[in-house]
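Observations on the three-dimensional arrangement
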Amino acid sequence: MTRRKTKMASEDLPSSSSLLQMFSTSSFSPEKYVHGLSSECDTDAELQEHRGQIQALSEETAIALKKNVYKNYIQFIETSKEISYLEAEMYQLSHLLAEQRALLSAQEELSLFEKQKTNSTSKPLKKEEKTSSSIEAVEGLSSILDVTDLQCIYEGSLLEVNPFSYQPKQKVHAFLLHDCMVIASSIPNRRGPVRYKFQSLYELENIAVVNVKNSEGVKDAFKILLFPETHIYQTENAQLKNEWLSNIEDCKKNFKLKLEQEVHDTTQDRRTSHQNSFSGYDNQLNPFNYDDDKNPFKDDDLNPFASSNGDLGNPFLDDENKGSNVDITPKPSATSTKSAKNEKNWLIDLPEDLDVCIAQRDFEKAMELIDKTNQFLKESSSSQALKEIKVRVDHRVKQLVEALIEELDCHQSILLHGGPRATRRAVSLLVRLGRASEACQLFLKNRSEAIKQSLRQLKIEGATALYITKLSNVFFTSLIETGKEFQKVFAGNSGFCSAFVMWANAELQNFVVRFSRQVFHRNIGLGAMGVCVGIASENCEKLNEIGLDLKFSIQHMLLKDLMEALFDCRDQLVAAARQRAVEELWHPQNFENLTTLICEMESCGIKDFNTLILGDNKVNLASATIAFTKSITGFLEDGLRVNTPELHSVLVECVADLFKNQVMQFEYTLKSSNFSGQRPFILKNAAFVLETVLPIVKKKLKRQTGHDPARINELESELPRLQSLSVK
């Protein structure tokens, strides 16, 4: 009945075409559709079948969309090509129109008729009229200059010549602006408005242009000197060379004069505003500042010092000055004039001063000039001159940042051996320049390279523990010094603390690699490994001095090597125990130095070992049992020295395996017919191991973790089983 109902319901489900029509309607509501579907479908199979239809419809729609995309792709490519062709033709047309306009203006100047008086020649060109220059077609220039309001004074093609061999290098296109000169290389086979690629930019105030005499190597050329570089550019003829030289010289003079004038106007406005503010303040506090109506000496009749001459009645004037018109109005002092001149001069000379400071690596003075300039620009009203100064200052700031980055570069820095304090100057300046994140990365990279070089200088000689002591002391002392310096330099950037923690963790990983290479190999026993690990852990705890705790990290990094060391030591002890069991004769042993043996057993935790001593320096135990007791207690002591919470289960497993192996040797011996007469003595050795040594080991493990190890408790039931074997 259920199958028939499901079949009927599946037949009632709509087809893909009906679903498509339903989903395509504007009044389709997903909530109502799902609600109706859940009320109509009675079983999960119906919902799954309906879901399959919707998924199939989705796949069909995706395939149809892909087909439409592929169908229109070729059309899209062809259309974009046509657009690029039209753009190139429009650009060429604009240049043709510009050339025609230039020809018409030239013919108008040569005309015999009087030109119409217009004001267009005295006005600057509008932005839309600057189509005669192709500087906007330079690729990459927009990231250096603001091309929206550039005015090209002169432009033309030049040939760059090697200054030493006078061999042609490449053809370039030069643009002369009011404050700089742009050199661009032509892009071959390029269609569209962008025909040049930005190559270099020369600020006119920082270059010297020298005429190059004609010789066999080069003709009609001029030289641009920009310390420490020299560039030679050749023109087509002598006329063009003279035009270039004259235009460059004119631009330099005009720009300097304009800059001086605007800076002077700006400083004058600032001084006037300050004087007005102070004069207004003084007028409010002047007790003699009365209205004219209340002035008793306003009328000349009432003024005892007034006279027709105006000055003859003034008793405070000398005889020589009486009757003469003496101007007693306050004049600007020489000090104020000199300060205004100095204020103007330091702004104009600012780029050169910054260049000198950067070249002499006097970074602090350069930073003071930058701060002074920023403060001046902040207090002054915006003008074209100040904008030009800001552009040049920004360019020098980039150069200063590059110099500081070069000084901190770990591959060529001379600060590696000076400690973290040697980098404080460069890092602090980068932070003041707004490059705190970059300064943090460079500082930590510099310290990484310094630590690496310090560790390389350590000589591997003598005992391993001595080398590990030196290695740990150098590494963790460097971390502490770096942390203290980091806290001083980045005191105002608390968000960088996580970067220092990650860096310290990465450096600790490198230390662990070097540490493991010297410590973890078969020639070194587990005890020596434990001593070395203890030295490293003790030095790692010194990081708490700077608020950093990496003890858990170093334990986790050493976990794999320590596990392998424990398993390797366990395997060696198991092999040695099996060899002793094969060679053992199972009778009491005679020891010449019995006192030493008693002391060794007491150090293992066995206080009542005297009860096992027989006459004639004999001990009522087999030599294999005594050797096992020494090995298991020694292994446990060494294991507890390197024990961590992550390593504890491995240590318990190894101890249990050693006891299990010894029990197996007892069992094999009891079953052997060769030792049927020594079974009571064998059982006595087994009882000593399981009833005396095992509780001592269990107590030490419990003291470390606080609970009884489960695998050790399982061994307590082995003695009754061995006793039952001896009865058989």
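Located above this text is the structure these notes cover.
Here is a short report on the structure shown in this document. The model shown is predicted, which means the values in this text are computed figures rather than measured ones.

The rules behind each value
Residues numbered from 1 in each chain as written. Predicted model: local features only at pLDDT ≥ 70, side-chain atom pairs only at ≥ 80, totals over all residues. Heavy atoms only, no water. Helix = DSSP H or I, 4+ residues; strand = E, 2+ residues; numbered from the N terminus. Buried < 20%, exposed > 50% of the residue type's maximum accessible area, 1.4 Å probe, protein only. Contact = heavy atoms within 4.5 Å. Areas by Shrake-Rupley, 256 points an atom, 1.4 Å probe, with all protein chains shown as cover. Pairing = 2+ DSSP bridges. Polar contact = N/O pair within 3.5 Å; in protein donor to acceptor, adjacent residues only side chain to side chain. Disulfide = S-S within 2.5 Å. Phe/Tyr/Trp six-rings, centres within 6.5 Å; stacked < 30°, edge-to-face > 60°. Salt bridge = Lys/Arg side-chain N within 4 Å of Asp/Glu carboxyl O. Arc of directions from axis to C-beta. Core = buried A, V, L, I, M, F, W, Y, C linked by side-chain atoms within 4.5 Å.

1. Focus on the overall build of the chain
Across its full length, the chain carries 21 helices and 11 strands. Counting the 728 residues in the chain, one finds 36% classified as buried. A fraction of 65% describes how many contacts in the chain between residues 6 or more apart in sequence connect residues 24 or more apart. Carbon and sulfur atoms provide 52% of the accessible area of the chain, an area that totals close to 45,200 Å².

2. With respect to the sheet that holds strand 2 (residues 154-161)
Ordered in space as 1-5-4-3-2-8-7-6, the 8 strands form an open sheet in which the pairing is mixed. Strand pairing shows two members of the sheet lacking a second neighbour, strand 1 (138-139) and strand 6 (208-212), which therefore form its edges.

3. Section: the side chain of Thr235
For Thr235, the location among the structural elements is in the loop between strand 8 (229-234) and helix 5 (238-285). Among the polar contacts made by the side chain of Thr235, one reaches the main-chain carbonyl oxygen of Asn237 at a distance of 2.9 Å. Those residues in contact with Thr235 that sit more than four places away from it in its chain are Leu158, Lys219, Asp220, Phe222, Leu240, Lys241 and Trp244.

4. Quick word on the state of the cysteines
Taken as a whole and assessed by the stated rule, the structure comprises 0 disulfides. The thiol of Cys569 is not disulfide-bonded; the next cysteine sulfur, from Cys654, is found 8.5 Å away. In this structure Cys569 comes out as buried when scored by relative accessible area, which is 18%. Residue Cys654 is classed as buried on the basis of its relative accessible area of 0%.

5. Examining the packing of aromatic side chains
For the structure shown, the criterion picks out 18 aromatic pairs. Here Phe28 and Tyr33 contribute two aromatic rings whose centre-to-centre distance is 5.7 Å and whose plane-to-plane angle is 55°, an arrangement assigned as tilted. Residue classification places Phe28 among the partly exposed positions, given a relative accessible area of 27%. Residue Tyr33 is classed as buried on the basis of its relative accessible area, which comes to 17%.

6. What about the pairing of strand 5 (residues 196-203)?
Where strand 1 lies against strand 5, 2 bridges are found, and the strand directions are parallel. By the bridge assignment, Val138 is partnered in strand 5 with Tyr196. Of the pairings in the sheet, the one linking strand 4 (residues 180-186) to strand 5 comprises 7 bridges and is antiparallel in character. Bridged to Met181 within strand 5 is Tyr202.

7. As for the pairing of strand 3 (residues 168-176)
Along a regular strand, successive side chains alternate from one face of the sheet to the other. In this structure, strand 2 lies alongside strand 3, joined through 8 bridges in antiparallel fashion. Note on strand 3: the bridge partner recorded for Ser157 is His173. Hairpin connection, strand 2 to strand 3: the antiparallel pair is bridged by 6 residues, and Tyr166 has positive phi, about 60°. Sheet analysis places strand 3 next to strand 4, joined by 5 bridges and oriented antiparallel.

8. Quick look at the pattern of salt bridges
Tallied over the full model, the rule gives 23 salt bridges. The closest approach of N and O atoms between Lys671 and Glu667, which form a salt bridge, is 3.0 Å. Note that Lys671 and Glu667 are positioned in helix 18 (residues 648-671) at a spacing of 4 residues, about one turn of the helix. Looking at Glu667, the relative accessible area reads 17%, which means it is buried. Each of Lys660, Glu667, Lys671, Glu718 and Arg721 takes part in salt bridges that share partners, so that together they form one network.

9. Looking at helix 7 (residues 350-359)
What sets the pattern is the α-helix's 3.6 residues per turn: residues three or four places apart point alike. Among the residues making up helix 7, those that are buried are Leu350, Pro351, Leu354, Cys357 and Ile358. Projected onto a plane normal to the axis of helix 7, the buried residues spread over an arc of 125° and lie on a single side. Positive backbone phi, approximately 60°, marks Arg361, located one or two places after helix 7.

10. Let's talk about unusual backbone geometry
With a phi close to 50°, Asp220 is a non-glycine residue in the positive phi region. Among the structural elements, Asp220 can be located in the loop between strand 6 and strand 7 (221-226).

11. Here we look at the nonpolar core
Counting residues in each nonpolar core, the largest one holds 125 residues, and the members touching the most others are Phe511, Phe515 and Phe659. The residues touching Phe515, leaving out its near neighbours within four places in the chain, are Ile468, Leu471, Phe520, Cys532, Val533, Ala536 and Leu558. By size, the runner-up hydrophobic cluster in this structure holds 17 residues, among which are Tyr154, Leu158, Ala174 and Ile183.

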